[in-house]
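Each chain is listed here by its residues.
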Amino acid sequence: MINPEIFDFTFDAYRKLIADFTENELIPAENEMVEAGAVPDRLVKRMAEVGLFGISIPRRYGGLEWSMEQQVLLTLEFTRASCVYRSRFSTVIGLCSQAILDHGTEDQRAELLPQMAAGELVTAFALTEEGAGSDAAQLTTSAVLENSNYVINGDKRYITNAGWADAFVVFARTDQSIPGAKGVSALIVDATLPGVSTSLPTRMNGHAEAPVGEIHLNNVSVPASTMLGGSAGEGQGLTMALRGINHARLHVAATCVGQATRILEEITRHVTGREQFNAPLSDLGAVQAVLGECFAEVEAARALVMEGARSFDEGEVPRHRIAAAKLFASEMASRVADKCLQLLGGEGIVGNHPIPRMWRDVRALRIYEGSSPIHERNLAVAMIRQGKIDGRLPNSYRV
């Protein structure tokens, strides 16, 4: 649970707490995490105690209720450490809590959100399937109403926290007669119910200490009351999903900036401390050119992310601005990681230096919460459609 004293903190005091937690506890434990192949349980408990599971959840439901701009500033702090840590609470603060907050019934919010904010109910967002990735409307998991229960059958894959979640927000087709998005609803499924099982991959390219997983649903029976939003939520599942996805997408963009910031800190330490040709590497013009270019890219991404957060707080979700920030920031993080890894020379492929591990981890961020090609396509379509209407770019693109 959250340390009660934290509820009295100003945001500046809380941000310092998270910065200190990152520097003094998360970063020093990275090698321990890698050796164990998992985030140590004591650190998951500490994440709950310092409130990381509750940063986006309103205070009336036991959370800290920081604004989106404040959440992004916090993300820039805690993602200086391995982004694997973030994955353990990311589905709670973004994908799941926001869908429940905006679309759940009051009973659902009152029951679920306080437990989620306290870190006592870890939730996972069960949307993706083998035949339904970027095109989520093609999902085939079914939920058939039998008397007063829905019976769910299907398989989900690439699900963050599948192996640790206490409950899933499962997206399933509740009306088989309606193709596409309109037949999809969301249901809250207890992970301990008969017929629910999960499995983890044997290999991950990055994020190895918090692997995504598969969820298997075999004749899982849940009360009709577990439909998110109650009966009014039937057929609204993908609309609900987008609320959490846009929130999480901006957090991923901020994560990319946090990771790139740490990578630049690490490489600057390396090039100033290592000598070649009778001088520090940092004296070489080629090295300086890489550092300068990387710094400019990080700052450009930071500005995009912060502007997206401020627009979010103005009351309307700026989905195109968020998509642009996520696209640019995730591509930027990979470019920065690759260039900095090159400057390490042999240490970039041998040993325990953090940059090679982060290089692998940030690569996945170009796929999470919408892959780069999908964002490119969607942004182009939005521009073209708006241009057909009045010859101007969408509002969310204007300064």
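For the structure itself, look to the data block above.
Presented here is an overview of the structure given in this document. (Residues numbered from 1 in each chain as written. Predicted model: local features only at pLDDT ≥ 70, side-chain atom pairs only at ≥ 80, totals over all residues. Heavy atoms only, no water.)

**Quick look at the packing of aromatic side chains**
- By the definition in use, this model includes 5 aromatic pairs.
- Residues Phe11 and Trp66 carry aromatic rings whose centres are separated by 5.2 Å and whose planes lie at 70° to one another, so their mutual orientation is edge-to-face. Of this pair, Phe11 sits in helix H1 (residues 11-26) while Trp66 sits in the loop between helix H3 (41-49) and helix H4 (68-78), and the two are 55 residues apart along the sequence.
- Overall, the relative accessible area of 11% leaves Phe11 in the buried class.
- On the accessibility criterion, Trp66 (9% relative accessible area) is buried.
- Ring pairs connect the aromatic residues Phe11, Tyr14 and Trp66, which therefore count as one cluster. (Phe/Tyr/Trp six-rings, centres within 6.5 Å; stacked < 30°, edge-to-face > 60°. Helix = DSSP H or I, 4+ residues; strand = E, 2+ residues; numbered from the N terminus. Buried < 20%, exposed > 50% of the residue type's maximum accessible area, 1.4 Å probe, protein only.)

**Describing the side chain of Ser56**
- Structurally, Ser56 can be placed in the loop between H3 and H4.
- In terms of polar contacts, Ser56 uses its side chain to reach the backbone carbonyl oxygen of Ile93, at 2.5 Å.
- Here the side chain of Ser56 touches Gln98 through a polar contact of 3.2 Å, side chain to side chain.
- Dropping the residues within four chain positions of it, Ser56 is found in contact with Gln71, Ile93, Ser97, Gln98 and His247. (Polar contact = N/O pair within 3.5 Å; in protein donor to acceptor, adjacent residues only side chain to side chain. Contact = heavy atoms within 4.5 Å.)

**Concerning the pairing of strand S1 (residues 123-126)**
- Both faces of S1 are covered, namely the face carrying Thr123 and Phe125 and the face carrying Ala124 and Ala126.
- As paired elements, S1 and strand S4 (residues 167-173) share 4 bridges and run parallel to each other. Each bridged residue has a counterpart across the sheet, and for Phe125 the counterpart in S4 is Val169. (Pairing = 2+ DSSP bridges.)

**Details of the environment of Leu101**
- Of note, Leu101 is situated in helix H5 (residues 83-103).
- Taking the relative accessible area as the measure of exposure, Leu101 reaches 17% and is therefore buried.
- Sequence-wise, Leu101 and Ile57 are 44 residues apart; in three dimensions their C-alpha atoms are separated by 8.1 Å.
- Ignoring any residue separated from it by four or fewer positions in sequence, one finds Leu101 in contact with Pro58, Arg60, Tyr61, Arg109 and Leu113.

**Notes on the environment of Leu242**
- Examined against the element boundaries, Leu242 turns out to sit in helix H7 (residues 237-273).
- A relative accessible area of 48% places Leu242 in the partly exposed class.

**Regarding the pattern of salt bridges**
- Within the structure shown, the criterion is met by 19 salt bridges.
- Here Glu25 ties to Arg46 by a salt bridge, and the two come within 2.7 Å at their closest N and O atoms. Here Glu25, found in helix H1, pairs with Arg46, found in helix H3; they are 21 residues apart in sequence, far enough to count as distant.
- Given the relative accessible area of 27%, Glu25 is considered partly exposed.
- Between Arg243 and Asp102 there is a salt bridge, and its shortest N-O distance comes to 2.6 Å. Here Asp102 lies in helix H5 and Arg243 lies in helix H7, a separation of 141 residues in the sequence. (Salt bridge = Lys/Arg side-chain N within 4 Å of Asp/Glu carboxyl O.)

**Some words on the pairing of strand S2 (residues 142-146)**
- Bridge count for S2 against strand S3 (residues 149-159) is 5 bridges, and the pairing is antiparallel. Each bridged residue has a counterpart across the sheet, and for Ser142 the counterpart in S3 is Asn153.
- Counting the residues that bridge the hairpin from S2 to S3 gives 2 residues, and of these Asn147 lies at a positive phi of roughly 60°.

**With respect to the packing of H5 against H7**
- Taken N-terminus to C-terminus, the directions of H5 and H7 make an angle of 150°; their axes are 8 Å apart at the nearest point. When the interaxial angle is binned, H5 and H7 end up roughly antiparallel. Along this stretch, H5 crosses H7, giving a crossing that reads as right-handed. Contacts between H5 and H7 involve Cys83, Arg86, Ile93, Gly94, Leu95, Gln98, Ala99, Asp102 and His103 on the former and, on the latter, Thr239, Met240, Arg243, Gly244, Ile245, His247, Ala248, His251, Val252, Thr255 and Gln259.
- In terms of residue class, the contact of H5 with H7 is made up of 8 nonpolar, 9 polar and 3 charged. (Axes fitted to C-alpha atoms, helices over the stretch in contact; angles between N-to-C directions. Parallel < 35°, antiparallel > 145°, perpendicular 65-115°, else oblique. Left-handed = near helix turned anticlockwise from the far one by under 90°. Nonpolar A, V, L, I, M, F, W, Y, C, P; charged D, E, K, R; others polar.)

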